[in-house]
Amino acid sequence: MCGVSGFLNFNQKLIKNDLISYANEMNDSLRMRGPDFSDFWLEKNINLVLCHTRLSIIDLDKRANQPMISKNNRFVIVLNGEIYNFLSIKKDLTKLGVNFRTQGDTEVLLEAISHYGIEKSLKLIEGMFAFVLWDKYEKKLILVRDRLGIKPLYYYFDKVTFAFASEIKAIRRLDWLDFSLDKKSITSYVRLNYIPAPNSIYKNIRKVLPGEMITVNLEKHIKKKRFWSFQKLRSFDKEDVKIDYENKLHDLLRKKVKSHLIADVPVGVFLSGGVDSSLITSITSEVSEKKINTFTIGFENSSFDEAKYAREVSRHLGTNHNEVYFNNNIFLDLIEKISDVYDEPFADSSQLPTLLLSQITQKKVKVSISGDGADELFGGYYRYFIANRFNKLIIDSPVFFKNLIYVIITKTPKWVWENIGVILSKKYGKRQFADKLLKLSNVIKDSDENVFYFRLISNINNPEDCVLNKNERSFIIFDSIIEREFPNFIERMQLIDTLKYLPDDILTKVDRASMHYSLEVRVPFLDHEIVEFSKNIPLRMKIQNGKGKIILKKILRNYLPDKLVEREKMGFGIPLNFLIEKKLSNYIESLLYSKEIQNQEIFDINFYKTKWNEHKTKKRDWKFLFWNFFVFQKWFSRWNSVG
């Protein structure tokens, strides 16, 4: 895993020393992504710079360093990621007479492009990757991001400069660029806690989409093309009774986990004790030739602690288990890192435990395997169960009945629902039961499925109320084509979550947190063969009777007893109320009454003051809204005044 960056300056006013200076600046900003080696490549006649910082994982020899030039001297590449099937591609290229000077995957990708062309090579490769290729003959830059968006890639474009980087902080080192804020993106951030691609916090910076290839030439022409699309994958119209979905998926997982273990450095596994990580750990233990290291973190607050489950899974599988316990105060130290780690506003509060987990894991291994992606593909989110359980109640019931339910939920004191939640069985979601009911009350009067889903994923129903700029960008959720092609509501939610929430929230969270500690994280569930196969698995094998990931649990029972398979989904939560009310309250209040916030001319402070009063008096729980607000202010103070 690495950091890539660079730029093409069309005005050609920079001298060689300028290019070198900016190249070093960009590499320095991404040092944590690649602490083992850094270098750059220049073509000073056209003011082109390609930069790379390397985290050495496969082939530790210096000959595998980047930027790397193809044997035919046509292409220069900087790559962030791993190509898992590089050995089979290398074997085929060797038959064509290609001699390799390295043992790594970068040279294989480079020579594949030289011999097969970029488009055929993209169809061949399996992995997680974001790379930039300079074609010396055709004088064009090519930016590519992997199919699911596991690895990030940003680009800046105006009349003077085209720049790119794994993280925005590298582009910010180019001090002549325009970093005006995109107010519409801020509205999206308030709603979602992240800024959905292709947009960013800045008007001139965009994200390469998952499965996208972007080409720019010296005439400033940009061409975009999708080489893979989850949305366009066609599912079988009917279940194929000839397919043994469970065993087929099990075999695929074995194959892909084994390929994800290829490395010349120690590899471990994130183990939370949930279905996803337990299954990945079980299969890793089965296919690995070595006893594996597993990693988890625990918290003194038992309502958020999953470490005991991870410990039981580890004991059953016989892994070398690493477990560290923390108290709530540790989060205060992590909060100070957020704006450096996430260089555009990002407020998924599970970023804090992800940082902690990455920190302890990196002390023993350089690569860790994660179970991310299973919730989206196999139906693990609570919103799917709500849709499955209450679809008829919400969508089809008479208006007076829905209004009655709304009144009952909203008028009953929150503490009553919390106590009821403790009593109810786990399948009804006893954790944060009041919050879940309040979210349900926000959507229960809607008859439109899209609005129902949109409100479920939003911090607040109308984020336009929070900001002075009342405009918000349209979202894929309102795409009529998607609604027509995916009439099943739950499958449509899974699709949108895979296209947006997964790359823009989950994968962003993990990439930035892990790379801040120079740790590579691999995600076998998101191998495109598994993703493509998951599309054809019948929904009943994913979600049934208010439970999700049915097929994964069946596979997991091959390794673990029922008591470790069937338990409540907890998620990677933190005591956010404790932080907001006990540790950050004075700071938030001072912000609400400061001239600094008013001078931003971004937020409607009177609106936030009203919500803050409701939160303090326990009338409503607005912890997620104020975490969102707090994170933005930390980001703004860190990045708004620097180049």
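Residues numbered from 1 in each chain as written. Predicted model: local features only at pLDDT ≥ 70, side-chain atom pairs only at ≥ 80, totals over all residues. Heavy atoms only, no water.

Enquirer: What should I look at first to understand the environment of Asp-251 in this one?
Expert: Among the secondary structure elements, Asp-251 is positioned in helix α7 (residues 245-260). Residue class for Asp-251 comes out partly exposed when judged on its relative accessible area of 45%. There is a polar contact of 2.9 Å between the side chain of Asp-251 and the side chain of Arg-254. (Helix = DSSP H or I, 4+ residues; strand = E, 2+ residues; numbered from the N terminus. Buried < 20%, exposed > 50% of the residue type's maximum accessible area, 1.4 Å probe, protein only. Polar contact = N/O pair within 3.5 Å; in protein donor to acceptor, adjacent residues only side chain to side chain.)

Enquirer: Help me out: how do you make sense of the packing of helix α27 (residues 605-616) against helix α28 (residues 623-639) in this one?
Expert: Describing two packed helices takes the angle between their axes plus the distance from one axis to the other. Two elements in contact, α27 and α28, have axes separated by 10 Å at closest approach and are oriented at 135°. For the element pair α27 / α28, the angle class is oblique. The crossing of α27 and α28 is left-handed. Residues Tyr-608, Lys-611, Trp-612 and His-615 of α27 pack against Lys-623, Leu-625, Phe-626 and Phe-629 of α28. Residue composition of the contact of α27 with α28, grouped by class: 5 nonpolar, 1 polar and 2 charged. (Axes fitted to C-alpha atoms, helices over the stretch in contact; angles between N-to-C directions. Parallel < 35°, antiparallel > 145°, perpendicular 65-115°, else oblique. Left-handed = near helix turned anticlockwise from the far one by under 90°. Contact = heavy atoms within 4.5 Å. Nonpolar A, V, L, I, M, F, W, Y, C, P; charged D, E, K, R; others polar.)

Enquirer: Could you clarify how one ought to interpret the packing of helix α2 (residues 86-95) against helix α3 (residues 105-116) in this entry?
Expert: Their axes nearest at 10 Å, the elements α2 and α3 cross at an angle of 45°. Here α2 lies oblique to α3, going by the angle between them. Classified by chirality, the crossing of α3 by α2 is left-handed. Residues Phe-86, Ile-89, Lys-90, Asp-92 and Leu-93 of α2 touch α3, and the partners they reach there are Asp-105, Val-108, Glu-111, Ala-112, His-115 and Tyr-116. Considered class by class, the residues forming the contact of α2 with α3 number 6 nonpolar, 1 polar and 4 charged.

Enquirer: Explain the nonpolar core here, please?
Expert: In globular proteins that are soluble, nonpolar side chains generally tend to be buried together. In terms of nonpolar packing, the biggest core is built from 96 residues, with Phe-131, Leu-133, Leu-249, Leu-279, Phe-378, Leu-526 and Leu-552 touching the most fellow members. Counting residues per element, this core draws most heavily on helix α20 (residues 489-516), at 10 residues. With near-sequence residues (within four places) excluded, Leu-526 lies in contact with Leu-148, Ile-150, Asp-372, Gly-373, Leu-377, Leu-502, Leu-507 and Val-531. Tyr-156, Ala-163, Ile-588 and Ile-605 belong to the second largest nonpolar core, which has 82 residues in total. (Core = buried A, V, L, I, M, F, W, Y, C linked by side-chain atoms within 4.5 Å.)

Enquirer: For this particular structure, what's the right way to read empty space enclosed by the protein?
Expert: Over the atoms rolls a probe the size of a water molecule, and its path tells where empty space is left. Per the counting criterion, the structure on display carries 6 cavities of 30 Å³ or more. Here the largest cavity is characterised by a volume of approximately 160 Å³. Per element, the largest residue contribution to the lining of the largest cavity is 4 residues, and it comes from α20. Split into classes, the residues belonging to the lining of the largest cavity amount to 9 nonpolar, 1 polar and 6 charged. Of the pockets and cavities examined, the second largest cavity occupies roughly 140 Å³. Elements with a contribution of two residues or more to the lining of the second largest cavity: β5 (75-83) and α3. Residue composition of the lining of the second largest cavity, grouped by class: 8 nonpolar, 6 polar and 4 charged. (1 Å grid on protein atoms, 1.4 Å probe; cavity = no way out; pocket = protein on both sides within 12 Å on 5 of 7 lines; lining within 4 Å. Points joined across faces, edges and corners; volume = space filled by probe spheres on them.)

Enquirer: Before we go on, may I ask you to explain the sheet that holds strand β2 (residues 37-43) in this structure?
Expert: For sheets, the rule is that strands pair by backbone hydrogen bonds, running either parallel or antiparallel. As summarised here, the arrangement of the 6 strands in space is β2-β3-β1-β9-β8-β10, forming an open sheet in which the pairing is antiparallel. Strand pairing shows two members of the sheet lacking a second neighbour, β2 and β10 (205-207), which therefore form its edges. In this sheet, adjacent strand axes meet at a mean angle of 15° when their direction is disregarded. Pairing of strand β1 (residues 2-9) with strand β3 (residues 48-54), which is carried by 7 bridges, proceeds in the antiparallel orientation. Residue pairing across strands places Gly-3 opposite Thr-53, the latter belonging to β3. Across the sheet, helix α1 (residues 16-29) lies against β1, β2, β3 and β9 (161-165), angled at about 150° from β2, the strand it touches most. (Pairing = 2+ DSSP bridges.)

Enquirer: Any chance you could explain the side chain of Lys-500 here in plain terms?
Expert: Looking at the element boundaries, Lys-500 is found in helix α20. Within the buried set, Lys-500 has no salt-bridge partner at all; the shortest N-O distance to an opposite charge, 4.4 Å, is to Asp-504. In terms of polar contacts, Lys-500 uses its side chain to reach the backbone carbonyl oxygen of Ala-197, at 2.4 Å. (Lys, Arg positive; Asp, Glu negative; His and termini not counted. Salt bridge = Lys/Arg side-chain N within 4 Å of Asp/Glu carboxyl O.)

Enquirer: Is there a simple way to explain the pairing of strand β8 (residues 154-157) in this structure?
Expert: Bridge count for β8 against β10 is 3 bridges, and the pairing is antiparallel. Along β10, the bridge assignment pairs Tyr-156 with Ile-205. Counted between consecutive antiparallel strands, the loop separating β8 from β9 contains 3 residues.

Purely geometric numbers; function is a separate question.
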